[in-house]
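Single-letter residue listing:
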Amino acid sequence: MIVQLHHPSTPETLREAEAFLLALNLKCRTVITPDSTLFVIYAGQVPDPRRIRQCPGVKDVHRISDDFKLVSGQWKQGRSTVHVGKVPFGPEAFNMIMGPCSVESEQQLEAVAQFLVSQGVRMIRGGVFKPRSSPYSFRGMGLEGLNLFRGVADQYGLSIVTEVMEVAQIDAMAPKVDVFQIGARNMQNFNLLEAVGKSGLPVLLKRSMSGTIEEFLQCAEYIYNVGNERILLCERGIRTFEGAYRNTFDVNAISYLRSRSHLPVLADPSHGVGLRRHVVDIGLGAVAAGADGLLVEIHPHPDSAVSDRDQTLYFDQAARLIEGSRQFWALRSNMAS
Ligand code: PEP
Ligand code: MN
């Protein structure tokens, strides 16, 4: 159950409300986000909503049968729009995030930024701390790369999405980052989820390659639960028996997540299929299935990219995907209304 208080609530009302729920022997957690003051009742007796409505400062009471509560679609009216800097993601706004797998050089970033601006794409991605299967592969330019990245992004008015791999990196990265990406391998790193949640920055949370939808949403709950509601869910392909491509993009997840959570749902067709010639098709498929945005790897010279070159798009392919996505999204929006 979620008990929603009038927001903002005074410390006095908050104390009274907490005491009221405590007196009913309910286990609950107080969650204060920039837009709401909430209590999540997560164990104990199932309380009678009529009783809970007498709680001091109460605005609304929502029964939620899902294990994940705050990210559940059972309480918010409609789907949420998450603003990332000036860029919105949600039912009224489709946006794209594009850039190299890894930040490599100023020239590379300049070329990508120029292309994005020419296409009206306002968010750039790029890893400076890279999770790699082999310790001998390129593992990113680190903070030096992030400084470079920030400089170029500012010059072109772009927002940055980049992966944070461990709690210890957060403080140094936060001033330079617009969105923290939690990569597939860290989806269930619960300490990291709480720590990025507390950073207050928006979080792009990727589904892990073996994570169920239930687990994925519980991970998002860890971020929301510490007061951060700016979460973008991202499907990036799962491991199946199929070996013909890198991962199996789970298009079901796009439609299904939208039915279970109010959060925006993004798709990463690059890691989803892992093969350049299929990325545009899979990206368009994701938009047709309801994706609120795309995360795509591009590079001025994909064949010399230091990581994920086989799935990285040339600019002309990216331009086709951008144009096609906008058309598919418009078609879908008209269908839905
Ligand atoms: C990436 O975005 O480059 C990345 C490493 O993604 P994932 O965590 O989905 O593998
Ligand atoms: Mn990559």
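Residues numbered from 1 in each chain as written. Chains lettered and ligands numbered in written order. Predicted model: local features only at pLDDT ≥ 70, side-chain atom pairs only at ≥ 80, totals over all residues. Heavy atoms only, no water.

### Concerning the coordination of the manganese ion (ligand 2)
Between any two of four tetrahedral donors, the ideal angle at the metal is 109.5 degrees; between two of six octahedral donors, it is 90 or 180 degrees.
Next, step 1: Note on the manganese ion (ligand 2): its protein donors are Cys101 (SG), His271 (NE2), Glu297 (OE) and Asp308 (OD). The metal-donor distances range over 2.1 to 2.4 Å.
Next, step 2: The motif formed by the donor residues of the manganese ion (ligand 2), counted along the single chain, is C-x169-H-x25-E-x10-D. Placement of Cys101 in the loop between β7 (95–99) and α3 (106–119) and of Asp308 in the loop between β14 (293–297) and α11 (315–336) is noted, with a sequence separation of 207 residues between them. Neither residue differs from the other here; Cys101 and Asp308 are each classed as buried. (Donors = N, O, S within 2.8 Å, 3.2 Å for Na, K, Ca; no water. Helix = DSSP H or I, 4+ residues; strand = E, 2+ residues; numbered from the N terminus. Buried < 20%, exposed > 50% of the residue type's maximum accessible area, 1.4 Å probe, protein only.)

### Description of the site of ligand 1
Next, step 1: Not every one of the 13 residues close to ligand 1 is listed here, only the nearest: Arg125, Ala184, Arg185, Lys206 and Arg236.
Next, step 2: In this structure, Gln181 approaches ligand 1 through a side-chain N or O atom, which is 3.0 Å from an oxygen atom.
Next, step 3: In this structure, Arg236 approaches ligand 1 through a side-chain N or O atom, which is 2.6 Å from an oxygen atom.
Next, step 4: Taken by itself ligand 1 offers 300 Å² of open surface, and the protein chains cover 98% of this.
Next, step 5: When the residues that make up the shell around ligand 1 are grouped by side-chain class, the tally is three nonpolar, three polar and seven charged. (Near = heavy atom within 4 Å. Polar contact = N/O pair within 3.5 Å; in protein donor to acceptor, adjacent residues only side chain to side chain. Areas by Shrake-Rupley, 256 points an atom, 1.4 Å probe, with all protein chains shown as cover. Nonpolar A, V, L, I, M, F, W, Y, C, P; charged D, E, K, R; others polar.)

### Section: the nonpolar core
In summary, soluble globular proteins display a tendency toward joint burial of nonpolar side chains.
Next, step 1: Grouped together as the largest cluster of nonpolar side chains are 73 residues, with contacts concentrated most on Met98, Leu116, Leu205, Leu233, Leu294 and Ile298.
Next, step 2: The element that contributes the greatest number of residues to this core is helix α7 (residues 213–224), accounting for seven residues.
Next, step 3: Lining this core are residues from two domains, each supplying at least three of them: domain 1 (2–62) and domain 2 (82–336).
Next, step 4: In contact with Leu294, other than residues within four places in its own chain, are Phe94, Asn95, Met96, Ile97, Leu266, Ala267, Pro269, Gly283, Ala286, Val287, Leu321 and Ser325.
Next, step 5: Formed by 14 residues, the second largest nonpolar core is a distinct cluster that contains Met1, Leu5, Ala17 and Phe20. (Core = buried A, V, L, I, M, F, W, Y, C linked by side-chain atoms within 4.5 Å. Domains from an automatic or database assignment. Contact = heavy atoms within 4.5 Å.)

### Focus on the side chain of Ser307
Next, step 1: Looking at the secondary structure, you find Ser307 in the loop between β14 and α11.
Next, step 2: On the basis of relative accessibility, which here comes to 4%, the residue Ser307 falls in the buried class.
Next, step 3: Setting aside its immediate chain neighbours within four residues, Ser307 contacts Cys101, Ser102, Lys130, Arg132 and Thr312.

### Some details on helix α4 (residues 142–155)
Next, step 1: Between its terminal C-alpha atoms α4 stretches 20 Å, which fits the 20 Å expected from 14 residues at 1.5 Å a residue.
Next, step 2: Buried within α4 we find Gly142, Gly145, Leu146, Phe149, Arg150, Val152 and Ala153.
Next, step 3: At its buried positions, α4 is contacted by α3, β8 (123–125), β9 (159–163) and α5 (170–173).
Next, step 4: Trailing α4 by a residue or two, Gly157 shows a phi angle of about 65°, which is positive. (Expected span 1.5 Å × (residues − 1).)

### Digging into the side chain of His271
Next, step 1: Tracing the backbone through its elements, the reader meets His271 in helix α9 (residues 269–273).
Next, step 2: A polar side-chain atom of His271 sits 3.2 Å from a polar atom in the side chain of Gln311.
Next, step 3: Leaving out residues up to four positions away in the same chain, His271 has contacts with Arg125, Lys206, Arg236, Arg246, Asn247, Glu297, Asp308 and Gln311.

### Here we look at the packing of α7 against helix α8 (residues 251–260)
Next, step 1: Two elements in contact, α7 and α8, have axes whose closest approach is 11 Å; the angle formed by their N-to-C orientations is 50°. Judged on the interaxial angle alone, α8 and α7 are oblique. Every pair of crossing elements has a handedness; the one defined by α7 and α8 is right-handed. The residues of α8 that touch α7, namely those facing Ile213, Phe216 and Leu217, are Ala253, Tyr256, Leu257 and Arg260.
Next, step 2: Classifying every residue of the contact of α7 with α8 gives six nonpolar, no polar and one charged. (Axes fitted to C-alpha atoms, helices over the stretch in contact; angles between N-to-C directions. Parallel < 35°, antiparallel > 145°, perpendicular 65-115°, else oblique. Left-handed = near helix turned anticlockwise from the far one by under 90°.)

### A closer look at the sheet that holds strand β3 (residues 37–43)
Next, step 1: If you walk across this open sheet you meet the four strands as β2-β3-β1-β4, and the pairing is antiparallel. The open sheet has two edge strands with one neighbour each: β2 (27–32) and β4 (58–62). The mean angle between the axes of side-by-side strands here comes to 20°, regardless of whether they run parallel or antiparallel.
Next, step 2: One ladder, built from six bridges, connects β2 with β3; its direction is antiparallel. Within the sheet, the bridge partner assigned to Lys27 lies in β3 and is Ala43.
Next, step 3: Running over the sheet, helix α1 (residues 11–23) touches β1 (2–5), β2 and β3 and is turned about 15° from β3. (Pairing = 2+ DSSP bridges.)

### Remarks on the domain arrangement of the protein
Next, step 1: What the domain assignment lists for the protein is domain 1 (2–62) and domain 2 (82–336).
Next, step 2: Taking only C-alpha atoms into account, the centre of domain 1 sits 35 Å from that of domain 2.
Next, step 3: Overall, the association of domain 1 and domain 2 removes approximately 500 Å² of surface from exposure, summing both partners, and the carbon and sulfur fraction of that is 45%.
Next, step 4: The largest per-residue losses of area from domain 1 upon contact with domain 2 belong to Arg29, Val31 and Thr33, which jointly make up 62% of the total buried on that side.
Next, step 5: Linking domain 1 with domain 2 are zero salt bridges.
Next, step 6: Applying the counting rule to domain 1 against domain 2 returns three residue pairs in polar contact (both at pLDDT 80 or more).
Next, step 7: In the side of domain 1 that touches domain 2, the residues fall into three nonpolar, two polar and two charged. (Buried area = accessible area lost by both parts, 1.4 Å probe. Salt bridge = Lys/Arg side-chain N within 4 Å of Asp/Glu carboxyl O.)

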